[in-house]
Amino acid sequence: MDKAKSMVDKTGASGPFHVSNGQSQRGFHGPVVVVTNGGSSGGPNSSGGAFDGVHHLHRGDDAECNGSPAKRCRIRRRTESVRRNRPPFPWFGMDIGGTLVKLVYFEPVDITAEEEQEEVENLKSIRRYLTSNVAYGKTGVRDVHLELRNMTMCGRTGNLHFIRFPTQAMPRFIQMGRDKNFSSLHTTLCATGGGAYKFENDFRTMADLELLKLDELDCLIRGLLFVDRMGFNGLPEGYYFQNPSDTQSCVKKPCSLDNPFPMLLVNIGSGVSILAVYSEDNYKRVTGTSLGGGTFLGLCCLLTGCETFEEALEMASKGDSTNVDKLVKDIYGGDYERFGLQGSAVASSFGHMMSKDKRDSISKEDLARATLVTITNNIGSIARMCAVNEDQPGPFCAP
Amino acid sequence: MAECGRVDSSTSSHTMDKSITLPPDEIFRNLENAKRFAIDIGGSLTKLAYYSTVQHKVAKVRSFDHSTKEAPSDKLYEISVQEEVTARLHFIKFENAYIETCLDFIKDHLVNTETKVIKATGGGAHKFKELIERKLGLKVDKEDEMTCLIKGCNFVLRNIPHEAFVYAKHADSEFRFQTTHPDIFPYLLVNIGSGVSIVKVESEDKFERIGGSSIGGGTFWGLGALLTKTKRFDELLQLASKGQHTSVDMLVKDIYGGSYGSLGLTGDLIASSFGKSATADKEFSKEDMAKSLLHMISNDIGQLACLYAKLHNLSRVYFGGFFIRGHPVTMHTITYSINFFTKGEVQALFLRHEGYLGAIGAFLKGAEEDNPNQYSWGENYAGSSGLMSVSPDMYPMQRARSGTFDMLEMDRLERQLVNLPLLQDPSSYIPDTVDLTEDAQAREYWLYCFEEALDGVVKRAVASQPDLPEAAERAEKFRQKYRHKLQTLRYQPFAYGSLTVRSLLDTREHCLNEFNFPDPYSKVKQRENDMALKYYQKAVNSLEKLSWEERQFALVRGVLAGNVFDWGAKAVSDVLESDPEFGFEEAKKQLEERPWLIDSYDQWLERLKGPPHRCALFFVDNSGMDIILGVMPFVRELLSRGTEVVLASNSGPALNDVTNGELQILTERIAAMDPVIQAGLKEDRLTLVQSGSSSPCLDLSRLDKVLAMVVRERKTDLVIIEGMGRAIHTNYYAMLRCESLKMAVIKNSWLADRLGGKLFSVVFKYELPAAKADQDSAVLPPV
């Protein structure tokens with residue numbers, strides 16, 4: 001049974017991923033459990049994964065490292081050669097999830113005058129449109145606070161922008177691609193997520209665009225390791241909560257994945273995938289659950305009439321789930337000592353809602369909070385079991 | 001969570017003021033002698049348990065003292081009906097709304113004043129504490145719920161053969177009952193009340209809550225009520241069973257357009273529960289939302305249960321709690337989930353008496369000084385209502401869910417029952433040859449057959465008590481009760497576990513006992529025994545005159561001819577009723593000529609030419625010709641060969657089967673005429689034991705402990721099973737670790753037809769244990 005006091009206060013916190021505060025870095029049990037925002041939860045997200053596909057296709061660009069003049073010279077030569085094979089701008093990476101589309105855009109800031117001249121108008125206008133706005137249409141949002149500034153990639157320096165919009169807007173997006181004659185840019189559109197498959201044909205027939213489809217879990221891991229390597233504008237990308245069960249002394253602590261393997265990667269999108277990752281390209285999907293971000297949002301919409309993830313989270317942050325959930329102490333008057341269950345533990349999520357009187361008097365905020373607590377506790381519980389089971393020899397559940 | 005069935009308190013309160021009339025004398029039975037009460041009050045149902053003693057009539061036989069002149073010379077023994085007191089456990093389940101009425105009734109009828117305390121468990125116990133104490137004047141003593149639950153679970157798993165079942169919604173029979181494993185530990189119990197508790201049980205006293213979840217029945221009910229504005233749990237389930245979850249859930253194909261092949265995730269898999277409802281501009285139907293919710297919760301519980309089962313390496317996982325409680329919808333979704341997450345490696349098991357576990361456990365806690373666990377207990381089919389399907393509009397016989405009382409009665413058995421030590425694999429042994437829950441055609445036939453035979457049984461019952469004028473009335477009650485049972489079984493074949501010919505026969509015996517017809521065939525048996533005994537000497541003499549080889553065959557034919565005399569078979573009882581002169585010789589003429597339907601006589605004869613068996617265990621069948629002229633000469637031959645013989649007969653009466661009491665007397669009389677039998681008894685080479693059973697069939701996994709001991713001591717190397725009930729309806733496929741001989745005459749044309757034979761076809765099945773059979777095969781056609 002998980003605690004009623006969940007980490008709700010912190011879910012609003014920004015940052016691409018959370019790293020549990022395991023002490024040891026070895027094994028699954030106790031060690032690294034990385035939670036990523038698969039994106040549908042709408043909050044800030046990391047997925048540089050698909051984009052990193054480009055990175056992967058053109059390897060050998062360690063231009064960010066410094067060294068002796070001779071070494072710098074070598075690097076320059078290599079950079080030059082890479083430049084010749086480098087894909088043409090614009091550089092995009094796209095993750096089309098069940099609920100949200102996550103778009104990463106690399107804005108080069110080291111454009112030479114020569115390049116500037118060669119650059120077609122179309123490309124310029126895309127750059128201007130994306131970098132000068134923070135909202136696109138009604139639903140597209142650029143997460144400015146996540147922007148990675150002055151980073152180097154494939155020998156170029158630039159800013160990495162994170163943009164998201166609902167998957168429902170996908171037809172309009174493709175439409176835009178056609179209207180802007182995107183196909184004339186001869187770019188490779190790297191895409192991952194289920195939508196890369198679902199919308200492949202629409203891209204082709206409507207916008208004359210070919211997608212380079214990449215597996216979402218491959219991308220997820222690559223993206224995770226990439227953002228960790230890059231850091232977040234000088235700070236580590238990852239973080240965890242120290243003393244998570246104590247609201248008073250709970251603090252967010254930064255951390256980096258210096259020695260990440262093996263790790264359990266819990267990717268919470270519309271649904272949840274749990275991966276055991278042994279190395280950059282060796283991993284397996286251990287299990288998953290359908291109770292994920294989509295469930296939180298879906299239930300909140302039904303229960304409170306809210307429309308967006310932000311709204312739902314906002315409500316949840318103001319609510320009190322103990323008005324909705326039945327706690328151990330509601331049943332036993334205190335702790336259930338026979339089994340070492342604290343009185344404050346949730347005995348039955350939404351358990352109070354069995355009573356009509358309580359249903360009639362409950363607030364939307366409390367319902368949103370209870371939904372959040374239910375989903376997060378459940379994911380935590382499954383992830384913990386997977387971590388423990390992964391340490392056991394023999395087979396384990398892997399649907 | 002730990003609480004089982006702790007649910008909405010509001011459901012019970014608004015119904016409290018209903019004026020209730022109940023037929024409590026049929027429900028709270030044997031209250032006069034009741035003691036040791038226990039009560040388990042859940043959110044909507046109350047379960048009451050008590051121990052009582054039942055006075056009922058038993059038929060006893062007593063040998064006439066032939067040394068005195070007063071003995072009537074024409075009768076071998078006298079039959080007397082005596083009162084006997086046996087212990088019975090009563091468990092009654094009813095809606096909380098009836099608590100007050102029930103307590104009043106109990107108070108008015110409770111005679112025993114020694115009782116001072118009532119053990120209580122369940123979430124509602126504290127709420128009704130004051131009421132119980134005031135009404136009954138008993139002190140309420142609270143017991144830990146989980147402890148009670150586990151105790152109860154252990155008890156039913158150990159004592160009720162078809163307790164656990166697998167649920168398969170689309171199979172021919174929805175319920176597949178599991179044979180009791182001799183060792184019930186370790187197992188995982190997933191109790192789905194408002195929340196979920198996952199408990200690992202390692203022994204009678206050792207268990208641990210290894211995990212749980214707050215997403216349980218309360219979540220389904222609470223969240224479901226919010227989403228659908230439907231108040232009742234049952235109605236929510238109803239909604240769910242009509243809904244389409246795909247309109248609410250986001251499936252893999254909604255994201256991918258198809259399956260996610262590289263991970264083996266099919267397109268129909270739920271990627272995100274309620275993933276499609278994250279929109280303001282669409283309405284969703286109550287049914288669809290309820291279905292989605294049910295899937296979400298069942299899958300989640302299934303997944304956690306699997307993770308825990310794997311971690312603790314447990315393959316037996318039982319599910320219980322009010323979320324399950326016999327609801328086909330939830331049993332189906334849980335089964336589906338477990339199957340999905342373990343790829344079929346773990347089966348979800350459910351329990352027939354799941355709702356009673358807490359009450360049974362609380363009762364056992366209170367009865368610890370009597371140590372009920374040292375006895376074996378048996379489900380009384382006459383007094384138990386059996387498992388009812390709760391899915392509405394399924395069966396016309398369906399009782400309304402509310403306002404009914406459900407009962408479980410268990411009789412304390414005289415003896416402790418154990419496995420026959422010679423079973424090759426006790427864990428896979430299934431006594432019954434045909435499972436009528438699975439075989440609809442066979443079910444139809446046998447239910448019809450038992451209904452047809454009912455008139456005859458009633459007539460026989462009345463005739464067995466000519467001095468008691470009210471016998472006819474009781475017999476009529478018996479008829480009604482048994483007919484009702486048969487009708488119930490027609491629609492709910494799974495009510496008492498697997499439906500088998502054995503269970504139909506046993507139910508009939510239980511019903512007869514219920515109405516004080518302990519032994520309707522006592523006089524028939526007496527007459528036939530008297531008659532057969534007169535021919536014993538002659539039969540033995542004529543056998544003596546035969547050559548060795550002729551004699552062996554004549555002995556087998558004798559057993560078979562004797563086995564024709566079976567009042568349980570309608571084809572035979574009709575003949576016996578109409579032709580009192582029908583005798584042993586006539587029976588022989590009816591027998592099929594060799595080659596028999598199943599015929600391994602040649603192998604048997606070959607075997608007899610070899611060294612004698614050390615000890616033979618013989619499960620005997622009928623009284624009269626069968627035991628005296630068929631079995632005894634056969635036994636005599638075995639003794640003469642140097643083989644020790646253990647004769648196992650029923651402890652209590654069933655049809656015209658010879659009981660241990662009768663056999664004792666018969667054997668003594670035969671010994672007086674026959675020096676071979678005499679010597680056998682004297683030298684302790686012929687032993688009579690009781691089987692521990694009162695059934696015309698035979699369950700080799702529930703035999704008297706003494707029998708098992710004797711079998712082991714004597715190093716038994718041959719088991720002989722005789723008769724249709726013991727060797728065909730049951731044990732036809734039983735595999736033993738020693739040689740076995742199954743002999744029977746098929747006295748039912750439908751069964752004969754099924755087996756490919758005809759009326760009076762013979763089954764003579766001699767088998768070697770599996771390991772030996774490879775070298776020395778006795779290949780038999782499969783049936």
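Treat the numbers as computed from the prediction; the structure is a model and nothing was measured.

**Section: the UniProt feature "domain: Damage-control phosphatase ARMT1-like metal-binding" (unreviewed entry) in chain B**
The sites that carry the UniProt feature "domain: Damage-control phosphatase ARMT1-like metal-binding" (unreviewed entry) are, in the present numbering, residues 452-758 of chain B. Annotation note: span residues 452-758 of chain B, helix share 55%, strand share 10%, distance between end C-alpha atoms 20 Å.

**A closer look at the domain arrangement of chain A**
All names here are of chain A. Looking at the assigned domains, one finds that chain A contains domain 1 (87-222), domain 2 (259-320 + 363-391) and domain 3 (325-361). One C-alpha centre belongs to domain 1, the other to domain 2, and the line joining them spans 27 Å. Opposite the 9 residues of domain 1 that make contact, domain 2 presents 10 residues. A buried area of about 830 Å², summed over both sides, lies between domain 1 and domain 2, and 61% of it is on carbon and sulfur atoms. Seen at the junction of domain 1 and domain 2, the total is 2 salt bridges. The shortest N-O distance in the salt bridge between Glu-310 and Arg-164 comes to 3.3 Å. Summed over the shared surface of domain 1 and domain 2, the result is 5 residue pairs in polar contact (both at pLDDT 80 or more).

**Overview of the nonpolar core**
Residue and element names in this part refer to chain B. Of all hydrophobic cores here, the largest spans 106 residues; its most connected members are Trp-446, Leu-504, Trp-604, Phe-634, Leu-647 and Phe-764. The leading source of residues in this core is helix 21 (residues 625-641), at 10 residues. Those residues in contact with Trp-446, other than ones at most four positions away along the chain, are Leu-436, Val-501, Leu-504, His-729, Asn-748, Trp-750 and Leu-751.

**Remarks on the interface of chain A and chain B**
Contact with chain A, which involves 63 residues of that partner, is made by 61 residues of chain B. Summing both partners gives a buried area of about 5,200 Å² for chain A against chain B, and 65% of it is carried by carbon and sulfur. Linking chain A to chain B there are 0 salt bridges. Counting the contacts that link chain A with chain B gives 18 residue pairs in polar contact (both at pLDDT 80 or more). Listing elements by their share of the side of chain A that touches chain B, those giving two or more residues are helix 7 (194-198), helix 9 (216-230), strand 15 (282-289), helix 10 (293-304), helix 12 (328-332), strand 17 (346-348), helix 13 (356-360) and helix 14 (364-390) of chain A. Counting residues per element, the side of chain A that touches chain B draws most heavily on helix 14 of chain A, at 10 residues. Across the side of chain A that touches chain B, the residue classes break down as 29 nonpolar, 24 polar and 10 charged.

**Quick word on the side chain of A:Arg156**
Residues and elements named next belong to chain A. Tracing the backbone through its elements, the reader meets Arg-156 in strand 8 (residues 156-166). We classify Arg-156 as buried; its relative accessible area is 3%. Residues within four places of Arg-156 in sequence aside, it is in contact with Arg-86, Phe-89, Trp-91, Phe-106, Pro-108, Asp-110, Ile-111, Glu-115 and Met-151.

**Focus: helix 6 (residues 217-228) of chain B**
Residue and element names in this part refer to chain B. In this model helix 6 runs 16 Å from its N-terminal to its C-terminal C-alpha over 12 residues, within 8% of the 16 Å that 1.5 Å per residue would give. Among the 12 residues that make up helix 6, 12 are buried, leaving the element largely enclosed by the rest of the structure. Buried within helix 6 are the following residues: Gly-217, Gly-218, Thr-219, Phe-220, Trp-221, Gly-222, Leu-223, Gly-224, Ala-225, Leu-226, Leu-227 and Thr-228.

**Some remarks on the pairing of strand 1 (residues 35-41) of chain B**
Residues and elements named next belong to chain B. Among the 7 residues that make up strand 1, 6 are buried, leaving the element largely enclosed by the rest of the structure. By the bridge criterion, 5 bridges tie strand 1 to strand 2 (residues 45-63) in an arrangement that is antiparallel. Within strand 2, the position partnered with Ile-41 by the bridge is Thr-46. Hairpin remark: strand 1 followed by strand 2, antiparallel, with 3 residues in the connecting loop. When strand 1 meets strand 4 (residues 117-121), the two strands line up parallel, connected through 4 bridges.

**Focus on the side chain of B:Thr121**
With respect to the helices and strands, B:Thr121 occurs in strand 4. By relative accessible area, B:Thr121 is classed as buried at 1%.

**Considerations on the state of the cysteines**
Think of a disulfide as a covalent bridge from one cysteine sulfur atom to another cysteine sulfur atom. All names here are of chain B. Inspection of every chain in the model, using the stated rule, returns 0 disulfides over all chains. Counting only cysteine sulfurs, Cys-697 is the nearest neighbor of Cys-511, a cysteine outside any disulfide, at a range of 16 Å. Under the relative-accessibility criterion, Cys-511 is labelled buried at 0%.

**Regarding the sheet that holds strand 7 (residues 175-177) of chain B**
Residues and elements named next belong to chain B. The strand order across the open sheet built from 7 strands is 7-6-14-13-8-9-10, with neighbouring strands paired in mixed fashion. On the outer flanks of this sheet lie strand 7 and strand 10 (207-213), each paired with one strand and no other. Here the strands of the sheet are splayed against their neighbours by 35 degrees on average, with no regard to which way each runs. As defined by bridge partners, strand 8 (residues 187-192) adjoins strand 13 (residues 316-320) across 4 bridges and the pair is classed as parallel.

**Considering the packing of helix 17 (residues 548-562) of chain B against helix 21 of chain B**
Describing two packed helices takes the angle between their axes plus the distance from one axis to the other. All names here are of chain B. It is at 7 Å that the axes of helix 17 and helix 21 come closest, and there the two elements cross at 145 degrees. Between helix 17 and helix 21 lies a crossing of left-handed hand. Note on element contacts: helix 21 touches helix 17 through Met-625, Asp-626, Gly-630, Val-631, Pro-633, Phe-634, Glu-637 and Arg-641, opposite Trp-548, Arg-551, Gln-552, Leu-555, Val-556, Gly-558, Val-559 and Gly-562. Across the contact of helix 17 with helix 21, the residue classes tally to 8 nonpolar, 4 polar and 4 charged.

**Here's the deal with helix 14 (residues 471-491) of chain B**
Between its first and last C-alpha, helix 14 of chain B extends 31 Å over 21 residues, near the 30 Å set by a 1.5 Å rise per residue. Buried residues in helix 14 of chain B make contact with helix 12 (440-452), helix 13 (454-463) and helix 15 (501-514) of chain B.

**A look at the pairing of strand 21 (residues 686-690) of chain B**
Residue and element names in this part refer to chain B. The element strand 21 is extensively covered by neighbouring structure, given that 5 of its 5 residues are classed as buried. Alternating residues of strand 21 divide into Leu-686, Leu-688 and Gln-690 and Thr-687 and Val-689, and every residue in both groups is buried. Bridging between strand 20 (residues 644-649) and strand 21 involves 5 bridges; their strand directions are parallel. The residue bridging Val-645 from the neighbouring strand is Leu-686, located in strand 21.

**What about the packing of aromatic side chains?**
Residue and element names in this part refer to chain B. Per the counting criterion, the structure on display carries 50 aromatic pairs over all chains. Here the aromatic rings of Phe-553 and Tyr-601 are separated by 5.2 Å at their centres, their planes lie at 75 degrees, and the arrangement is edge-to-face. Of this pair, Phe-553 sits in helix 17 while Tyr-601 sits in helix 20 (residues 601-609), and the two are 48 residues apart along the sequence. The exposure class assigned to Phe-553 is partly exposed, which follows from its relative accessible area of 27%. You can call Tyr-601 buried: its relative accessible area is 4%. Judged by centre distance (6.2 Å) and plane angle (75 degrees), the rings of Trp-596 and Tyr-601 are edge-to-face. One aromatic cluster is present, formed by Phe-165, Tyr-167, Phe-175, Phe-177, Phe-319, Phe-350 and Phe-494 through successive ring pairs. The ring centre of Phe-517 lies 4.7 Å from the NZ or CZ of Arg-474, which sits over that ring.

**Comments concerning the pattern of salt bridges**
Throughout the structure, instances matching the rule amount to 61 salt bridges over all chains. One salt bridge connects A:Arg128 with A:Glu121, and the closest N-O pair in it is separated by 3.4 Å. A salt bridge links B:Arg158 to B:Glu204, with the shortest nitrogen-to-oxygen separation between them at 2.5 Å. Here B:Arg158 is found in helix 5 (residues 145-159), whereas its partner B:Glu204 is found in the loop between strand 9 (196-201) and strand 10, with 46 residues between them in sequence. Here B:Arg158 falls in the partly exposed class, since its relative accessible area comes to 35%. Through salt bridges with shared partners, a single network forms among B:Arg29, B:Arg88, B:Glu409, B:Asp411 and B:Glu514.

**Points about unusual backbone geometry**
At the junction of B:Phe185 and B:Pro186, the peptide bond is cis and its omega measures out at -5 degrees in the coordinates. Residue placement: B:Pro186 occurs in the loop between strand 7 and strand 8. The omega angle of the peptide bond from B:Arg594 to B:Pro595 is -5 degrees, so this bond is cis rather than trans. Its location among the elements puts B:Pro595 in the loop between helix 19 (584-590) and strand 18 (598-599). You will see that A:Asn181, though not glycine, has its phi angle at about 55 degrees, which is positive. One can find A:Asn181 in the loop between helix 6 (170-179) and strand 9 (189-192).

How each quantity is defined
Residues numbered from 1 in each chain as written. Chains lettered and ligands numbered in written order. Predicted model: local features only at pLDDT ≥ 70, side-chain atom pairs only at ≥ 80, totals over all residues. Heavy atoms only, no water. UniProt positions renumbered as here; feature names shortened; annotations may be inferred. Helix = DSSP H or I, 4+ residues; strand = E, 2+ residues; numbered from the N terminus. Domains from an automatic or database assignment. Contact = heavy atoms within 4.5 Å. Buried area = accessible area lost by both parts, 1.4 Å probe. Salt bridge = Lys/Arg side-chain N within 4 Å of Asp/Glu carboxyl O. Polar contact = N/O pair within 3.5 Å; in protein donor to acceptor, adjacent residues only side chain to side chain. Core = buried A, V, L, I, M, F, W, Y, C linked by side-chain atoms within 4.5 Å. Buried < 20%, exposed > 50% of the residue type's maximum accessible area, 1.4 Å probe, protein only. Nonpolar A, V, L, I, M, F, W, Y, C, P; charged D, E, K, R; others polar. Expected span 1.5 Å × (residues − 1). Pairing = 2+ DSSP bridges. Disulfide = S-S within 2.5 Å. Axes fitted to C-alpha atoms, helices over the stretch in contact; angles between N-to-C directions. Left-handed = near helix turned anticlockwise from the far one by under 90°. Phe/Tyr/Trp six-rings, centres within 6.5 Å; stacked < 30°, edge-to-face > 60°. Lys NZ or Arg CZ within 6 Å of the ring centre and 35° of its normal.

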